[in-house]
Amino acid sequence: MRRRPVLVRRTSLREADCPVARSLDTIGDWWSLLIIRDAFDGMRRFGEFQKSLGVAKGILSARLNSLVNADVLALVPASNGSAYKEYVLTEKGRGLFHVIVGLRQWGEAHLFAPGEPHSELIDIAAGQPVGPLEFRSLDGRVLGWEGTVVRKVSAKT
């Protein structure tokens, strides 16, 4: 007798105390992050995302709807005046730029063999690759993980 696979329900992290957990609840699956990456690269139409990602239309539709519902993307009239709709990053979505760049730079540093071809992010004004992300203290010192600590912030009343 064959057993049916047990489907595990995804636990919502929407109310978690941790901002990382809440962020992952909104954009934490790879399709969503790749859609956001493609939106930063200028893609706006369903067909463009589908061609770039090669994902099933149903999955893409569900992820796009989820990102629109989370106010990461907005569905707007097509820029060419046609009857189509396009997906554009909202202010909240554009706030993910550092996340996408951080993932890109981590991947470049750790997941490619020396000399292996890959893409790189270019500073348009200088025509040069973008330098590594840095975190700085309020007084300008560069900070690494060892120079920081997470502290709970009390609720404001």
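The written sequence of each chain sets the order in which its residues are numbered from 1. For this predicted model, a pLDDT threshold of at least 70 governs which residues receive local features, and a threshold of 80 or more governs which side-chain atom pairs are given and counted, while totals over whole chains, interfaces and linings are taken from all residues. For side-chain calculations, the full set of non-hydrogen atoms in the structure is used, while hydrogens and water are omitted.

**Observations concerning the pattern of salt bridges**
Close approach of charged atoms allows side chains with opposite charge to pair. Definition used for salt bridges: Asp or Glu carboxyl oxygen within 4 Å of a side-chain nitrogen of Lys or Arg. Using the criterion set out here, one finds seven salt bridges in the structure. The partner of Asp 29 in a salt bridge is Arg 63, with the nearest N and O atoms 3.0 Å apart. Here Arg 63 lies in helix α4 (residues 57–69) and Asp 29 lies in the loop between α1 (19–27) and α2 (30–40), a separation of 34 residues in the sequence. Two residues, Glu 86 and Arg 44, come together in a salt bridge whose shortest N-O distance is 2.7 Å. Of the two residues, Glu 86 is situated in strand β2 (residues 85–89) and Arg 44 in the loop between α2 and α3 (46–53); the sequence distance between them amounts to 42 residues. Residue classification places Glu 86 among the buried residues on the basis of a relative accessible area of 4%. For the exposure calls, accessible area comes from a 1.4 Å probe over protein chains only, and a residue counts as buried if that area is under 20% of its type's maximum, exposed if over 50%, partly exposed in between. With relative accessibility at 29%, the residue Arg 44 sits in the partly exposed group. Through salt bridges with shared partners, one network takes in Arg 44, Arg 45 and Glu 86. The numbering of helices and of strands both runs from the N terminus, where a helix is a DSSP run of H or I of at least 4 residues and a strand a run of E of at least 2.

**Section: α2**
For α2, the full list of buried residues reads Ser 32, Leu 33, Ile 35, Ile 36, Asp 38 and Ala 39. What makes two residues a contact is simply this: any of their non-hydrogen atoms within 4.5 Å. Lining the buried residues of α2 we find α1, α3, α4, β1 (73–77), β2 and α6 (97–110). A positive backbone phi angle near 100 degrees is found at Gly 42, which sits one or two residues after α2.

**Structural notes on unusual backbone geometry**
Look at Asp 71: it is not a glycine, yet its phi comes out positive at around 65 degrees. Structurally, the position occupied by Asp 71 is in the loop between α4 and β1. Residue Asp 71 is classed as partly exposed on the basis of its relative accessible area of 41%.

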